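# Fold and geometry: a report
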Amino acid sequence: MSEKSHTWDVGNNRRTFLKTVGVTMSIVGYGNTSAIQNENDGLSEDDSNDETRGMLWTGPRSGPQRTGAIDERGPTPYPETDWTMDLDGGMFHVEPIVSDETVFLSVVTNNTPGEVDGYVSAHDPETGTRRWIRNDFPNLKTPAVTDDTIYFATGSPEASSPDDSGFYALDATTGEERWTRTDHSVWSPPAVIDDRIFTSNRNATYALDSESGDTIWKAPGINNTADDVGDALAHVDGTVFTSDGVALDADDGATQWRVTPADEILGTPAINDDLVYYTRTESIVGDDDRVTIEARLADSGTSEWMYESDGANGWDGRPAVTDDHVFLVQSEDDESLVRALDAKTGATVWTTWVHGRHLSSPVAAGGTVYVGGQYVPERNPSDGRAVVHAIDAETGDRTWTYLLDSDDLETSPTDTPAAGTPVVSDGKLYTATYPGGATLDYKYAYYANFFVLEPSSERPERGDCLPTDDEPDDKKTPEACIEVTPDPATENFSPGDTVCLDACCSSGHDLRYEWNTNGDGRYDESGRSIRVTVPTDGAMMVELRVTDSNDDTDLASVMISPY
């Protein structure tokens, strides 16, 4: 690590490269712990009883509201490897599920048309030891779990045995079958609320009895499984929302409202507070450079705002939604942009560039946003790895970046591993990898592995210097700089005046900003800009420290005084 200090101006700095042997995983960009200590991204204490937000990841996008958000923190302050496993199959676009004492995996083992197969299994979250496995399910989707039952749907009309396609309920402890519905081969992932399961097939949306699988009600012609739309219907406060713009009464299936025209496809829904957020990606509209998020009032369907990406975007994921923000990804070649929108207005709050290509869905957990993807260094593509980034949900500052080490696992000889959606539960982070960019379908069911990260109080050493090795020599080190508004060169300050300090003139890649505002040597604020109050007596020295993804730092300071 290198560090230099200066006031107002920037001088020369030096770098020290650290080399480590025998580290199972590599970490770059160690974040300050104060940024992670903010447990709530606009989450109130009352949200602890919400039907989706809690400490466990019990269904697709965390639960029936499909927000991709959870109260629990991920690995804090640093991550390290807990355990890994070869999946003997793939989990592309399928999330792991975590209950009180079990991790459930839905894995595709054969994705050849007409021969699709897979399995669902239960594992000890501390060791990865398998407790049970059920084989021969075609193309499993992300399941949902209650205290004693796991529910899941298949999604392939091309199964080798049509009788194996349908909807299943298994005993969560033993894996024994409780009931099955094979009257339709393709169902949407379930939303489980008390004694009811809400799901769809190509003909209708259903409420099923969770104990028997029998139909409680059926809404014909309202389906959530249209080709390439994405089929995770959502539920909150007695209403079921489908991707074709219909809100149904959860008690009897009656239509509460419908977006016009009736054939409009809004996209996958997620609900938070009084808004339902619909997401459309290129797989729906046939346009590979547009992602649209539309917010509508949950009680009427009235449109409140719409966001449309303004550039090429290969991302095909789902946003994460909290009380304050909607988080999405814009993926472009070897870099990706994580964007936070204001949840009420759709205005951009912050954007953060992260290294690598990221196609998975982000997850918001305890004030941090997690995104998984793939990093391939330009100079040494063979050194590419799957990567997970942790970003402060309020400021957009990157708190850490973790490179997954697949050396002891089987991977594609031609395609760099990429991390899928990084599920967070009970302080840990779970993610499956896949061969990023592979053009042959079989690779997604063959070269996939599973990683579990746990919290660590110690900063791991890193085995290589990623990712800024690809930058020109004159851009490898950060340079701190402070802009003061109003400009002290042209305006005198009075005691009690508010002054804005902005680090926007600083240079470097993936910078983290920390401020010491009281001269005690501790960095008490973070973010690119802060506001300070001019003291009544004497002068106040404010110091800025910027840190890049290689843990190189630079310092700048400014003196604030009255008159």
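This text goes with the structure placed above it.
Numbering of residues starts from 1 in each chain and follows the order in which that chain's sequence is written. With pLDDT at 70 or above as the cut-off, local features in this predicted model cover only qualifying residues; side-chain atom pairs require 80 or more to be listed or tallied, and sums for whole chains, interfaces and linings still use all residues. Here the side-chain values reflect all heavy atoms present in the structure, with hydrogen atoms and water set aside.

## Looking at the packing of aromatic side chains
- For Phe, Tyr and Trp, where Trp contributes only its six-membered ring, two rings pair if their centres lie within 6.5 Å, and the inter-plane angle classes them as stacked under 30 degrees, edge-to-face over 60, or tilted in between. Per the counting criterion, the structure on display carries 20 aromatic pairs.
- Between Phe137 and Phe152, the aromatic rings sit 5.0 Å apart at their centres with planes inclined by 80°, giving edge-to-face as the arrangement. One end of the pair, Phe137, is in the loop between strand E7 (130–135) and strand E8 (144–145); the other, Phe152, is in strand E9 (residues 149–153), and 15 residues separate them in sequence. Of the two residues, Phe137 and Phe152, both sit in the buried class.
- Geometrically, the ring pair formed by Trp400 and Tyr402 is edge-to-face, given 6.2 Å between the ring centres and 80° between the ring planes. Secondary structure elements are taken from DSSP: a helix is a run of H or I of four residues or more, a strand is a run of E of two residues or more, and numbering for both begins at the N terminus. In this scheme, a residue with accessible area under 20% of its type's maximum is buried, one over 50% is exposed, and one in between is partly exposed, where area comes from a 1.4 Å probe on protein chains only.

## What about the nonpolar core?
- Phe104 and Val120 are the most contacted members of the largest nonpolar core, which has 31 residues in total.
- Elements that contribute at least two residues to this core include exactly strand E6 (117–123), E9, strand E10 (167–171), strand E28 (363–365), strand E30 (385–392), strand E31 (398–404), strand E33 (423–425) and strand E35 (449–456).
- Contact between two residues is taken to exist if any of their heavy atoms lie within 4.5 Å; hydrogens are not considered. For Phe104, the contacting residues outside a window of four places in its chain are Pro96, Ile97, Ser99, Ser121, Ala122, Trp132, Val145, Ile150 and Ala172.
- Of all hydrophobic cores here, the second largest spans 27 residues; its members include Val291, Tyr307, Ala320 and Leu341. By nonpolar core is meant a set of buried Ala, Val, Leu, Ile, Met, Phe, Trp, Tyr and Cys residues that side-chain atoms within 4.5 Å join together.

## Here we look at the sheet that holds strand E37 (residues 498–502)
- Across the sheet, which stays open at both edges, the three strands sit in the order E36-E37-E40 with antiparallel pairing between neighbours. Each edge of the sheet is formed by a strand with only one pairing partner; in this case those strands are strand E36 (483–485) and strand E40 (529–533). Looking at each pair of strands side by side, their axes are set apart by 25° on average, direction ignored.
- One ladder, built from five bridges, connects E37 with E40; its direction is antiparallel. Pairing between strands is defined by DSSP: at least two bridges between the two strands are required. Helix axes use the C-alpha atoms of the stretch in contact, all axes being lines fitted to C-alpha atoms, and the angles between their N-to-C directions lie in the range 0 to 180 degrees.

## Points about the state of the cysteines
- Cysteine sulfur atoms are paired as a disulfide whenever they fall within 2.5 Å. Applying the stated criterion to the full structure yields one disulfide.
- Here Cys481 engages in a disulfide with Cys505; their sulfurs sit 2.2 Å apart. Residues Cys481 and Cys505 share a disulfide whose torsion about the S-S bond is about -100°; that sign makes it left-handed. Here Cys481, found in the loop between E35 and E36, pairs with Cys505, found in the loop between E37 and strand E38 (512–516); they are 24 residues apart in sequence, far enough to count as distant.
- Exposure remark for Cys481: the relative accessible area of 18% places this residue in the buried category.
- In this structure Cys505 comes out as partly exposed when scored by relative accessible area, which is 27%.
- Its sulfur unpaired, Cys500 is 8.6 Å from the next cysteine sulfur, which belongs to Cys504.

## What to know about a nonpolar patch on the surface
- Only residues above 30% relative accessible area that lack a salt bridge enter a patch, with like-charged residues linked at up to 9 Å and the nonpolar side chains Val, Leu, Ile, Met, Phe, Trp and Tyr linked at up to 5 Å. Computed with a 1.4 Å probe, the accessible areas rest on the Shrake-Rupley method; for each residue, only the protein chains presented here act as cover. The working definition used for a salt bridge is a side-chain nitrogen of Lys or Arg within 4 Å of a carboxyl oxygen of Asp or Glu. There is a patch of nonpolar side chains on the surface, built from Leu440, Tyr442 and Tyr446 and spanning about 320 Å² of accessible area.
- Mapped onto the fold, Leu440 is located in the loop between strand E34 (428–435) and E35.

## Observations concerning the environment of Val376
- Mapped onto the elements, Val376 comes out in the loop between strand E29 (368–375) and E30.
- Residues Val376 and His355, 21 residues apart in the sequence, show an inter-C-alpha distance of 8.9 Å.
- Once residues lying within four places of it in the same chain are set aside, the contact partners of Val376 are Pro381, Gly384 and Thr416.

## Describing the sheet that holds strand E14 (residues 204–209)
- Strand order in this open sheet of four strands is E12-E13-E14-E15, and the pairing throughout is antiparallel. The sheet terminates laterally at strand E12 (191–193) and strand E15 (215–220), the two strands that pair on one side only. Averaged over all adjacent pairs, the angle separating strand axes in this sheet is 15°, with direction ignored.
- With three bridges connecting them, E12 and strand E13 (residues 196–200) associate as antiparallel partners. The residue bridging Ile193 from the neighbouring strand is Arg196, located in E13.

## A few points about unusual backbone geometry
- Here the bond from Thr76 into Pro77 is cis, since omega is -5°, no more than 30 degrees from zero.
- Take Pro77: it is sitting in the loop between strand E2 (69–70) and strand E3 (78–86).
- One non-glycine residue, Arg66, adopts positive backbone phi at about 60°.
- Along the polypeptide, Arg66 turns up in the loop between helix H1 (33–36) and E2.
- Residue classification places Arg66 among the buried positions, given a relative accessible area of 3%.

## Description of the environment of Thr322
- Among the structural elements, Thr322 can be located in the loop between strand E24 (320–321) and strand E25 (325–332).
- Sequence spacing of Thr322 and Ala364 is 42 residues, and the spatial spacing of their C-alpha atoms is 7.4 Å.

Read these as spatial facts, not as claims about activity.
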